[in-house]
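# Architecture at a glance
Chain by chain, the residues:
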Amino acid sequence: MLAFILRRLVQAVIVMLTVAFIAFMLFQYVGDPVTNLLGQDATPEQRDRLRADLGLDQPFPVQFARFVGNAVRGEFGLSLRQGRKVSALIVERFPATMELAICAGVLALVVGIPLGVYAALKRGGFGAQLAMAGSLLGVSLPTFLIGILLILVFAVELKVLPSFGRGEVVAIGAWTTGFLSPVGWKHLILPSVTLCVFQLALIMRLVRAEMLEVLRTDYIKFAKARGLPNRAVYFGHALKNTLVPVITITGLQLGSLIAFAIITETVFQWPGMGLLFIQAVQFADIPVMAAYLCLIALIFVVINLIVDLLYFAVDPRLRIDKAAAGH
């Protein structure tokens, strides 16, 4: 187990260094930070002085080492658009994105797993076919179109839900949340549903496929032959083994929810990191873009490590294979 964790940690460090290098290259080839900070009218002396202050006159390896050191401390400099520390902007926007991603992930699991089990057990029935048709739509429709349709129906026509913003939030130290506010919950419904549709459809189709595969195995046939009730066979044996690959996909999808909330946050003007990134791209705000890239990579690496450990803990076959390999 320790060797497994150490190997994953080494891989994580390599991935983060690669991402840091890509983020660092943004500073080198996407615009000139000196021009962005001083403008076109600055004198050559002013440019040279600022370049020296920023360390841009140093050799490439020295600049990269300084960038990695600052990134480890969470320092990415000042936003070129807002003139504030990038770390402060990330801390300010991170709670909104996490709140949205958690709600979308929980909703996708709570609805997707039961629908997948139902579609597998009632295969061929009208309800199962309807659920599969709905999942096909969920996988096919682009996120921005789903968001616009939901706004049209629930905000414009029915006027029951707000169409933009985060609403009223409650501050708990540096963290802000809409979970403690009824208005915050109302603002959270449409964007979280929009963000979860693709994940929900994916989880449902995966659970259905895995459930059908497990139901054909010998130990399920043996459990039925022993006279066990269907509830025990389906939920005590089949579903338990079905969820092993689902853990992997779900964990990775949580990272995707955070990384790809950009479209949803843009459609609903949700004040999270995705909207901050879009605004940074529009204004070529390189420090914010680099910080976002590094943070998303870190989230993926951490989630991937947790999923690997859960997979190792849940699936006894992995432990048996490792033990056999050791002997």
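Our structure is the block above this text.
Given the structure is predicted, the values throughout are model-derived calculations rather than measurements.

In this structure, F67, I90, M211, I258, M273 and I296 are the most contacted members of the largest nonpolar core, which totals 60 residues. For this core, the secondary structure elements donating two or more residues are helix 1 (2–29), helix 4 (60–72), helix 5 (86–121), helix 8 (182–215), helix 9 (218–225), helix 10 (230–259), helix 12 (273–282) and helix 13 (286–314). At 13 residues, the largest contribution of residues to this core is made by helix 5. One finds L150, I151, L190 and F268 within the second-largest nonpolar core, a separate group that totals seven residues.

The subject of this paragraph is the packing of helix 6 (residues 126–140) against helix 8. Where helix 6 meets helix 8, the closest approach of the two axes is 8 Å, and the angle between their N-to-C directions is 135°. One way to sum up the angle between helix 6 and helix 8 is to call them oblique. Along this stretch, helix 6 crosses helix 8, giving a crossing that reads as left-handed. Together, A131, M132, S135, L136, G138 and V139 of helix 6 and V197, F198, A201, L202, M204, R205 and R208 of helix 8 make up the contact between the two elements. Each residue belonging to the contact of helix 6 with helix 8 can be placed in one class, and the counts come to nine nonpolar, two polar and two charged.

With respect to the element layout, T177 can be found in strand 2 (residues 175–177). Owing to a relative accessible area of 5%, T177 belongs among the buried residues under this scheme. A distance of 2.8 Å separates a polar atom in the side chain of T177 from a polar atom in the side chain of E99. From its side chain, T177 meets the backbone nitrogen of F179 in a polar contact 3.0 Å long. If near-sequence neighbours (up to four positions away) are discounted, T177 is found in contact with E99, R166, V169, V170 and I172.

Running from N to C, helix 5 and helix 12 cross one another at 130°; their axes reach a closest spacing of 7 Å. Comparing their axes, helix 12 and helix 5 come out oblique. Along the contact surface, helix 5 presents L89, I90, R93, F94 and T97, while helix 12 presents M273, G274, L275, L276 and Q279. Among the residues forming the contact of helix 5 with helix 12, the class breakdown is six nonpolar, three polar and one charged.

About the thresholds
- Residues numbered from 1 in each chain as written.
- Predicted model: local features only at pLDDT ≥ 70, side-chain atom pairs only at ≥ 80, totals over all residues.
- Heavy atoms only, no water.
- Core = buried A, V, L, I, M, F, W, Y, C linked by side-chain atoms within 4.5 Å.
- Buried < 20%, exposed > 50% of the residue type's maximum accessible area, 1.4 Å probe, protein only.
- Helix = DSSP H or I, 4+ residues; strand = E, 2+ residues; numbered from the N terminus.
- Axes fitted to C-alpha atoms, helices over the stretch in contact; angles between N-to-C directions.
- Parallel < 35°, antiparallel > 145°, perpendicular 65-115°, else oblique.
- Left-handed = near helix turned anticlockwise from the far one by under 90°.
- Contact = heavy atoms within 4.5 Å.
- Nonpolar A, V, L, I, M, F, W, Y, C, P; charged D, E, K, R; others polar.
- Polar contact = N/O pair within 3.5 Å; in protein donor to acceptor, adjacent residues only side chain to side chain.

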